[in-house]
Structure formats: C-alpha cells, structure tokens
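Each chain, written out:
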Amino acid sequence: MKILVTGGAGFIGSAVVRAAIKAGHSVMNIDCLTYAGNKANNADVAGHKGYSFAQVDICDAGALARVFETYAPEAVIHLAAESHVDRSIDGPDVFIQTNIAGTVNLLQLSKAHEISKFVHVSTDEVYGDLGPHDPPFHPGTAYDPHSPYAASKAASDHMARAWHRTYGLPVVVTNCSNNYGPYQYPEKLIPVTLIKALAGEPIPIYGAGDNIRDWLYVDDHASALLAAAERGVPGQTYCIGASREQTNLNLARKICRILDAKRPRASGAYADLIRFVTDRPGHDRRYAIDSSKIETELGWRPQTGFENGLSKTVDWYLANQDWWQPLIDAGAAARQGQAAGKG
Ligand SMILES: NC(=O)c1ccc[n+]([C@@H]2O[C@H](COP(=O)([O-])OP(=O)(O)OC[C@H]3O[C@@H](n4cnc5c(N)ncnc54)[C@H](O)[C@@H]3O)[C@@H](O)[C@H]2O)c1
C-alpha cells in the first residue's frame with residue numbers, strides 16, 4: 001500500500017514508518033517537526049526508495065491538500081498529535097488545534113481522495129481511569145477523559161467516527177495503552193527515570209507512585225497499527241495493550257535494578273535516587289486494556305515480554321546518549337504541568 005503516516009518523526013510514528021517499510025509498503029511521512037519530532041528518528045529508512053518525507057503541519061489544510069494530490073495515498077495512519085499530558089495542563093490551545101482541527105483536515109482530505117483505510121491512532125486515556133477492581137477498558141467502555149490531552153484525543157475519536165458514519169469514510173479507531181521503547185522523547189516517565197538515574201540526579205515520582213499503567217513495547221504497537229491498516233474493519237474500534245500493569249514506583253525500581261546490573265553506580269543503588277514529588281493535577285489512577293478483540297479478529301499479539309522490552313530500552317538509551325543529551329540540554333526533562341498556583 002501507499003501509506004501516508006502523520007507524525008512519523010515522533011516516537012511511535014517512527015516505529016510505524018520502520019515497520020511499514022520493512023513490510024514492503026511505501027510511506028509518505030508528514031510531520032511538522034515540533035519539539036517532539038526529530039528527523040534523526042527516521043535515519044534507518046531515510047535512504048529507502050519507498051520512503052519520503054514532507055515537513056507539513058496538519059493544521060495547514062492547503063499544504064496537506066498538495067501532499068494528497070501529489071502522493072495519492074491509499075491509506076492514512078494518523079499519529080501526529082501533541083502527546084504530553086503535563087504540557088496540555090499548561091497550554092491546552094495547541095492540543096485543540098493539532099489534535100482536533102488537524103484531524104478534521106485529514107478526515108476531509110481522506111474523504112475527498114477516497115482513501116481505502118484511515119487508521120486514527122488514539123489512547124486509552126479517553127476512557128478516564130479505573131478503580132483497583134474494575135475490569136479493563138474495552139472498545140465499548142464509555143468515554144470519560146480527564147486531562148486536556150485526553151479530552152482533545154476523545155474529541156478527535158468522535159470526529160473520526162462521525163466521518164465514518166456520515167460520509168462512509170473507512171475509519172478504524174485504535175485506543176492503546178502507554179508505550180515504551182527507543183526514541184521516546186525524554187519528558188515521559190521511562191526516559192526521564194533512566195536519564196535522571198544516569199546523571200545521578202533525583203528520580204521524580206509523582207504522588208505516592210501508586211498510579212498504574214499497562215505498558216506496551218512500541219514495536220508491538222506499530223505492528224498492531226499495520227494490522228489495523230491492512231485488515232481492520234471500517235467502523236470498528238480496537239483496544240491495544242499488553243496486560244502488563246505496573247505501578248509507576250515498581251517500574252522506576254525495575255529500571256534502577258536493570259541499571260544496577262548494566263552500569264553500576266560508584267556507590268549505592270540507583271533506587272536511592274527516587275524522590276516523591278507533588279502529584280500531577282487530576283492524575284488518573286489506573287489504566288488497563290482488554291486487547292481480546294484485536295487478538296481474535298486481526299490475529300495481533302504483543303511479541304515483546306515486559307522484562308525483555310525494558311532491558312532493550314535501557315540498552316538503547318545507554319548506547320544513544322548522542323540522541324538524548326542535546327534534548328536534555330535544551331530542557332526536555334524539566335517538570336511541567338503543575339497547574340500554576342496549585343503545585
Ligand atoms: N506515547 C504513548 O504512550 C501513546 C499511547 C497511545 C496513543 N498514543 C498516540 O500516538 C500518537 C503518537 O504518540 P507519540 O508518543 O509518538 O508522540 P510524539 O509526541 O513522540 O510524536 C508526535 C509527532 O507528531 C508531530 N506533530 C505534532 N503536531 C503536528 C502537526 N500539527 N502537524 C504535523 N506533525 C505534528 C511531532 O512533530 C511528532 O513527530 C499520538 O496521536 C498519541 O496520542 C501515544
């Protein structure tokens with residue numbers, strides 16, 4: 001297929017681009033390269049004949065229309081978004097523009113060009129949070145987004161479904177749990193923990209560290225999105241996760257133990273650096289995902305065990321300081337989203 005991938009210079013998008021090229025598809029990656037976008041994330045595919053890149057903002061309908069006209073995609077995998085909850089607390093406006101208005105631009109052009117599949121990539125955060133004994137989120141769970149980020153993604157999911165119902169656009173919506181792996185921008189929990197630990201600095205854990213997330217290795221998310229593009233049924237929603245629930249504190253301790261083994265500190269254990277900091281306002285307690293629908297209907301399964309995935313991720317950050325150090329020097333890991341005056 002000729003696939004237009006949006007946000008392909010970001011963390012998950014770059015994994016999707018690599019997987020799509022490897023599977024024999026041709027890819028047009030459009031990305032406006034915000035602070036989170038990085039062409040270095042596409043170095044593996046940059047010279048491939050099936051790969052092209054255009055620096056385009058999805059909010060710019062005219063520029064986007066020219067890409068559709070010249071490239072004539074058969075499918076769209078839409079990942080471009082503002083993605084960090086803490087940033088959405090400090091500055092929600094750009095989340096509304098990119099995540100909602102930008103998505104509508106793409107839906108309109110996909111309709112005009114009669115594309116054969118539109119995969120709208122979303123998050124489990126649209127469902128709100130779970131109590132300790134609630135069953136996991138599934139495609140029928142009612143929406144209850146809590147952060148400006150989650151609300152903007154929820155709105156875009158509704159837009160995508162409306163374009164299916166009203167105009168017959170072959171839309172597939174995916175709602176995925178937290179991802180981890182190489183190339184994750186160092187503002188998110190796992191790279192922040194790793195990099196603070198390596199620097200010998202305090203490792204910040206929000207609240208009591210007992211918030212629970214269901215972690216999925218990024219390449220497994222990419223393979224699920226390709227399955228959705230190739231075999232997903234228009235009008236359907238697929239929840240994607242690995243059923244590996246972890247408290248944030250346990251996760252940080254695991255990373256510290258891996259680092260203790262791979263790069264021991266001169267004195268003490270990395271976990272000695274863990275510090276509890278003021279919680280994120282409105283912090284969701286627990287997310288968990290029931291992936292049985294995509295497993296039975298599309299034959300997708302996560303391939304990467306959690307311990308293996310975490311170990312591979314640590315190895316990647318240890319080997320690629322030249323990728324993350326300039327981002328850290330530019331302030332990537334600074335605390336955000338304390339809702340001024342309340343933090
Ligand atoms: N990270 C997760 O754990 C997770 C989980 C589930 C779903 N998602 C969803 O997956 C998608 C990708 O997430 P990510 O973690 O890779 O995000 P990311 O922040 O690493 O990457 C986002 C990419 O989108 C690009 N972008 C942002 N605004 C744009 C615009 N206006 N026009 C064109 N490009 C723009 C950025 O430059 C960047 O390359 C998002 O839609 C996110 O909501 C993420």
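Shown above is the structure to which this text applies.
Note that the structure is predicted; figures quoted are calculated from it, not measured.

Below, the discussion takes up the site of the ligand. Among the 28 residues in the neighbourhood of the ligand, the closest are listed as Ile 12, Asp 31, Ser 83, Tyr 149 and Lys 153. Take Asp 31: an N or O atom from its side chain is 2.5 Å from an oxygen atom of the ligand. Contact between the ligand and Lys 153: an oxygen atom at 2.7 Å from a side-chain N or O atom of the residue. Notes on the ligand: free accessible area 840 Å², of which the protein chains cover 96%. For the shell around the ligand, the elements supplying multiple residues, two or more each, are α1 (11-22), β5 (117-123) and α5 (148-167). Looking at which element gives the most residues to the shell around the ligand, the answer is β5, with three residues. Tallied by class, residues from the shell around the ligand come to 14 nonpolar, 11 polar and three charged.

Now for the packing of helix α2 (residues 61-71) against helix α4 (residues 93-112). The interhelical angle for the contact between α2 and α4, taken along N-to-C directions, is 35°, at an axis separation of 10 Å. You can see that α2 and α4 cross each other, and the crossing is right-handed. Mapping the contact onto sequence places Ala 61, Leu 64, Ala 65 and Phe 68 in α2 and Asn 105, Leu 106, Leu 109 and Ser 110 in α4. When the residues that make up the contact of α2 with α4 are grouped by side-chain class, the tally is six nonpolar, two polar and no charged.

So, on to the packing of aromatic side chains. Taken as a whole and assessed by the stated rule, the structure comprises 14 aromatic pairs. Between the aromatic rings of Tyr 180 and Tyr 217, the centroid separation amounts to 5.4 Å while the plane-to-plane angle is 70°, which identifies the pairing as edge-to-face. You can see Tyr 180 sitting in strand β7 (residues 179-180) and its partner Tyr 217 sitting in strand β10 (residues 216-217), a full 37 residues away along the chain. As far as the burial class goes, Tyr 180 and Tyr 217 line up, both buried. Note on Tyr 317 and Trp 323: the rings are 6.4 Å apart at their centroids and 80° apart in plane angle, and the pair reads as edge-to-face. Like Tyr 317, the residue Trp 323 is buried in the burial classification. Across the ring face of Tyr 71, the terminal group of Lys 2 is positioned such that the distance to the ring centre comes to 4.8 Å. Residue placement shows Lys 293 over the ring face of Tyr 238; its charged tip is 5.2 Å from the ring centre.

Here the focus is the sheet that holds strand β3 (residues 51-54). Strand order across the open sheet formed by seven strands is β3-β2-β1-β4-β5-β6-β11, with parallel pairing between neighbours. In this open sheet, the two strands that pair with only one neighbour each are β3 and β11 (237-240). The average angle at which neighbouring strand axes cross in this sheet is 20°, direction not considered. With four bridges connecting them, strand β1 (residues 2-6) and strand β4 (residues 75-78) associate as parallel partners. Following the sheet pairing, Ile 3 is matched in β4 by Ala 75. Those strands touched by α4 are β1, β4, β5 and β6 (171-176), and its axis lies near 165° from that of β5.

Attention now goes to the pairing of β4. Alternating positions in β4 separate into two faces, Ala 75 and Ile 77 on one and Val 76 and His 78 on the other, with burial throughout. Of the pairings in the sheet, the one linking β4 to β5 comprises four bridges and is parallel in character. Across the sheet, residue Ala 75 finds its bridge partner in β5, namely Lys 117.

Charged atoms that come close allow side chains of opposite charge to pair. Applying the stated rule across the entire model yields nine salt bridges. For Arg 87, the salt bridge goes to Glu 187, with nearest N and O atoms at 2.7 Å. With Arg 87 in helix α3 (residues 85-90) and Glu 187 in the loop between β7 and α6 (189-199), this residue pair connects regions lying 100 residues apart in the sequence. Of the residues examined, Glu 187 reaches a relative accessible area of 9% and is grouped as buried. Here Glu 230 ties to Arg 231 by a salt bridge, and the two come within 3.4 Å at their closest N and O atoms.

Conventions adopted
- The residue count restarts for each chain, going from 1 along the sequence in the order it is written.
- With pLDDT at 70 or above as the cut-off, local features in this predicted model cover only qualifying residues; side-chain atom pairs require 80 or more to be listed or tallied, and sums for whole chains, interfaces and linings still use all residues.
- Hydrogen atoms and water are omitted, and side-chain values are computed over all heavy atoms in the structure.
- The near set for a molecule or strand comprises every residue that places at least one heavy atom within 4 Å of it.
- Whenever a nitrogen or oxygen atom comes within 3.5 Å of another N or O atom, the pair is scored as a polar contact, on the condition that within protein one atom can donate a hydrogen and the other can accept it, and that pairs from neighbouring residues in sequence are kept only if both atoms are in side chains.
- For accessible areas, the Shrake-Rupley method is used with a probe of radius 1.4 Å. Any residue's cover is judged against the shown protein chains and nothing else.
- The helix and strand labels rest on DSSP assignments: H or I over at least four residues marks a helix, E over at least two residues marks a strand, and numbering proceeds from the N terminus.
- Each residue gets one label: Ala, Val, Leu, Ile, Met, Phe, Trp, Tyr, Cys and Pro are nonpolar, Asp, Glu, Lys and Arg are charged, and the others, such as Gly, are polar.
- Only the stretch in contact is used when a helix axis is fitted, and all axes are lines through C-alpha atoms; the angle between N-to-C directions ranges over 0 to 180 degrees.
- Handedness of a crossing follows from how the near helix is turned relative to the far one, being left-handed for an anticlockwise turn of less than a right angle and right-handed for a clockwise one.
- Between two residues, a contact is recorded if the distance between any of their heavy atoms is within 4.5 Å.
- Whether two aromatic rings pair depends on their centres lying within 6.5 Å, for rings of Phe, Tyr and Trp, where Trp uses its six-membered ring; planes under 30 degrees apart make the pair stacked, over 60 edge-to-face, and the rest tilted.
- Throughout this description, buried means an accessible area under 20% of the type-specific maximum (1.4 Å probe, protein chains only), exposed means over 50%, and partly exposed covers the range between.
- We count a charge as sitting over a ring when the NZ of a lysine or the CZ of an arginine lies within 6 Å of the ring centre and within 35 degrees of the ring normal.
- In short, DSSP must find at least two bridges between two strands for them to pair.
- In the sections that follow, a salt bridge refers to a side-chain nitrogen of Lys or Arg positioned within 4 Å of a carboxyl oxygen of Asp or Glu.

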